Amino acid sequence: MPKQIEHVIRDIEDRSALDAVAGPAASLVNRVTKPTVVKNALSGGWLGHALHPVLTDVPIGAWGMATLLDVTAGERGARAARTLVGFGVLAVVPTAASGASDWADTYGPTQRVGLVHGALNGAATVLQAASWVVRVTGRRRAGAVLSGVGLGLMGASAYLGGHLSYVNGVGVSHTAFEEPTGKWTDVAALTALEENKPLRVDAGGVPVVLVRHDGTVKALSATCTHAGGPLDEGEVDADGCIHCPWHGSAFRLSDGEVTRGPASVAQPDWDVKISQDRVLVRAANA
Ligand code: FES
């Protein structure tokens with residue numbers, strides 16, 4: 001990335017004073033998103049990957065199109081541009097909610113960058129809302145200027161959003177680069193497994209968690225897809241789900257599906273067979 005931008009982002013990451021705002025704000029978001037139904041809806045487990053990046057396309061697209069109409073169609077495109085600006089403002093509600101939910105589970109430098117990302121988005125939304133108001137009162141040119149500035153702020157914010165995903169790995173499955181083996185691999189003695197006590201083993205270089213549950217042995221990748229937490233240090237509930245100790249995501253032991261966010265990507269599951277009191281695993285669907 002250009003050096004100047006890199007310096008700006010480093011400066012944000014190092015600015016610990018931002019924690020005075022970020023900490024309480026993240027606590028508040030975590031309280032609001034505590035109910036499983038809310039967390040699951042906002043994190044995107046039902047979608048199979050993070051929801052926030054999908055939703056961001058809506059306001060960015062609407063506001064981008066509005067500015068394009070302002071520049072190319074002038075008065076002829078006034079009504080459509082106004083509708084797009086208003087639509088984008090409405091679309092911010094679920095977009096911001098899903099982003100805040102993701103952000104509240106980050107820490108330190110990443111959380112500081114996320115805070116600035118959110119503040120820029122907030123400022124861009126205020127400008128777009130003001131643009132809609134002045135457009136409604138017939139001042140199209142003033143509305144176009146406000147929208148243009150808002151779109152610029154949104155662009156800067158989008159850069160930070162890209163940094164959060166592609167540099168800090170927020171929203172990226174932390175098992176994405178594992179190469180699970182499709183060969184049966186001997187990983188443990190059956191006697192080493194106690195009921196509902198997760199055991200971390202190594203299957204050809206990939207950490208796997210074994211759980212003896214209801215008389216059978218289940219295996220999932222041990223690195224939580226959400227942010228890399230150690231599932232083997234988590235707890236198993238009566239419904240046959242394992243809970244990550246870091247942010248509380250829950251995965252069904254039988255197939256790795258997410259039953260509670262913030263994780264949005266299923267945990268890779270492994271086939272298990274027992275042979276001569278030894279536990280062997282291989283990647284499911286390998
Ligand atoms: S690392 Fe966040 S829930 Fe597992």
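Per chain, the residues get numbers from 1 upward, laid out in the order the sequence is written. Residues qualify for local features only when their pLDDT is at least 70, as the model is predicted, and side-chain atom pairs are given and counted only at 80 or more; totals for whole chains, interfaces and linings, by contrast, use all residues.

### Examining the sheet that holds strand β7 (residues 250–252)
Next, step 1: Here the rule is simple: two strands pair whenever DSSP picks up at least two bridges between them. Secondary structure is summarised from DSSP: a helix means a run of H or I of at least four residues, a strand means a run of E of at least two, and numbering begins at the N terminus for each. Taken together, 4 strands build an open sheet; the order of strands is β5-β6-β7-β8 and the sheet is antiparallel. The strands lining the two open edges of the sheet, one partner per strand, are β5 (235–236) and β8 (258–260).
Next, step 2: In terms of strand pairing, strand β6 (residues 241–243) meets β7 through 3 bridges, oriented antiparallel. The residue of β7 that forms the bridge with His243 is Ala250.

### Describing the domain arrangement of the chain
Next, step 1: Where each domain begins and ends follows an automated or database-derived domain assignment. Taken domain by domain, the chain consists of domain 1 (3–166) and domain 2 (185–283).
Next, step 2: Here the C-alpha centre of domain 2 lies 37 Å away from the C-alpha centre of domain 1.
Next, step 3: Here, residue contact means that the backbone-derived C-beta atoms of the two residues sit within 7 Å. Across the boundary between the two partners, domain 1 contributes 13 residues, which contact 8 residues of domain 2.
Next, step 4: Looking at the side of domain 1 that touches domain 2, the elements with two or more residues in it are α3 (36–43) and α5 (78–103).
Next, step 5: Here the element with the most residues in the side of domain 1 that touches domain 2 is α3; it accounts for 4 residues.
Next, step 6: Residues that form the side of domain 1 that touches domain 2 fall into these classes: 3 nonpolar, 7 polar and 3 charged. Polar here means any residue other than Ala, Val, Leu, Ile, Met, Phe, Trp, Tyr, Cys and Pro, which are nonpolar, and Asp, Glu, Lys and Arg, which are charged; Gly is therefore polar.

### Regarding the nonpolar core
Next, step 1: Grouped together as the largest cluster of nonpolar side chains are 31 residues, with contacts concentrated most on Val187, Val208, Val209, Leu210, Leu220, Ile242 and Val281.
Next, step 2: Only β1 (185–189), β2 (199–203), β3 (206–213), β4 (216–221), β6, β7 and β10 (278–283) provide two or more residues apiece to this core.
Next, step 3: With 5 residues, β3 is the largest single contributor of residues to this core.
Next, step 4: Any nonpolar core is a set of buried residues, restricted to Ala, Val, Leu, Ile, Met, Phe, Trp, Tyr and Cys, that join up through C-beta atoms within 7 Å. As a rule, residues whose C-beta atom has 12 or fewer other C-beta atoms within 10 Å are exposed, those with 20 or more are buried, and those in between are partly exposed; C-beta atoms are placed from the backbone. In this structure, Ile60, Ala62, Leu120 and Met154 belong to the second largest nonpolar core, which totals 18 residues.

### As for the packing of helix α4 (residues 52–72) against α5
Next, step 1: To obtain each axis, a line is fitted to C-alpha atoms, and for helices this fit is confined to the stretch in contact; angles are then taken between N-to-C directions over 0 to 180 degrees. Axis separation between α4 and α5 bottoms out at 8 Å; the angle between their running directions is 155°. Taken together, α4 and α5 sit at an angle that is classed as roughly antiparallel. Our pair here, α4 against α5, has a crossing hand that is left-handed.
Next, step 2: Of the residues in the contact of α4 with α5, the class split is 16 nonpolar, 6 polar and 2 charged. Angles are sorted into four bins: roughly parallel if under 35 degrees, roughly antiparallel if over 145, roughly perpendicular if 65 to 115, and oblique for all others. Should the near helix be turned counterclockwise from the far one by less than a right angle, the crossing is left-handed, whereas a clockwise turn marks it as right-handed.

### Regarding the environment of Thr185
Next, step 1: Among the structural elements, Thr185 can be located in strand β1.
Next, step 2: A count of 20 C-beta atoms within 10 Å places Thr185 in the buried class.
Next, step 3: For the pair Thr185 and Trp46, spaced 139 residues apart in sequence, the C-alpha separation works out to 32 Å.
Next, step 4: Look past the residues within four positions of Thr185 in its chain and what remains in contact with it is Ala203, Gly204, Leu280, Val281 and Arg282.

### Some words on α3
Turn by turn, an α-helix covers 3.6 residues, leaving residues three or four places apart pointing in a common direction.
Next, step 1: Three or more residues of α3 are buried, namely Lys39, Asn40, Leu42 and Ser43.
Next, step 2: Here the buried face of α3 lies against α5 and β8.
Next, step 3: Backbone geometry just downstream of α3 places Gly44 in the positive-phi region, at approximately 100°.

### Description of helix α7 (residues 140–166)
Next, step 1: With 27 residues, α7 extends 38 Å between its outermost C-alpha atoms, agreeing within 8% with the 39 Å of an ideal straight helix rising 1.5 Å per residue.
Next, step 2: Of all the positions in α7, only Gly143, Ala144, Leu146, Ser147, Gly150, Leu151, Met154, Ser157, Leu160, Gly161, His163 and Leu164 are classed as buried.
Next, step 3: Tucked inside the fold, the buried residues of α7 contact α1 (3–14), α4, α5 and α6 (108–136). Here the expected length of a helix is defined as 1.5 Å per residue gap, with one fewer gap than residues.

### Some remarks on unusual backbone geometry
Next, step 1: The omega angle of the peptide bond from Gly261 to Pro262 is 20°, so this bond is cis rather than trans.
Next, step 2: The phi dihedral of Gln276 is positive, around 50°, even though this residue is not glycine.
Next, step 3: As for its position among the elements, Gln276 is in the loop between β9 (269–275) and β10.
Next, step 4: A positive phi angle, close to 60°, is found at Asp277, a residue other than glycine.
Next, step 5: You can see Asp277 is positioned in the loop between β9 and β10.
Next, step 6: On the basis of neighbour count, Asp277 is assigned to the exposed category, with 8 C-beta atoms found within 10 Å.

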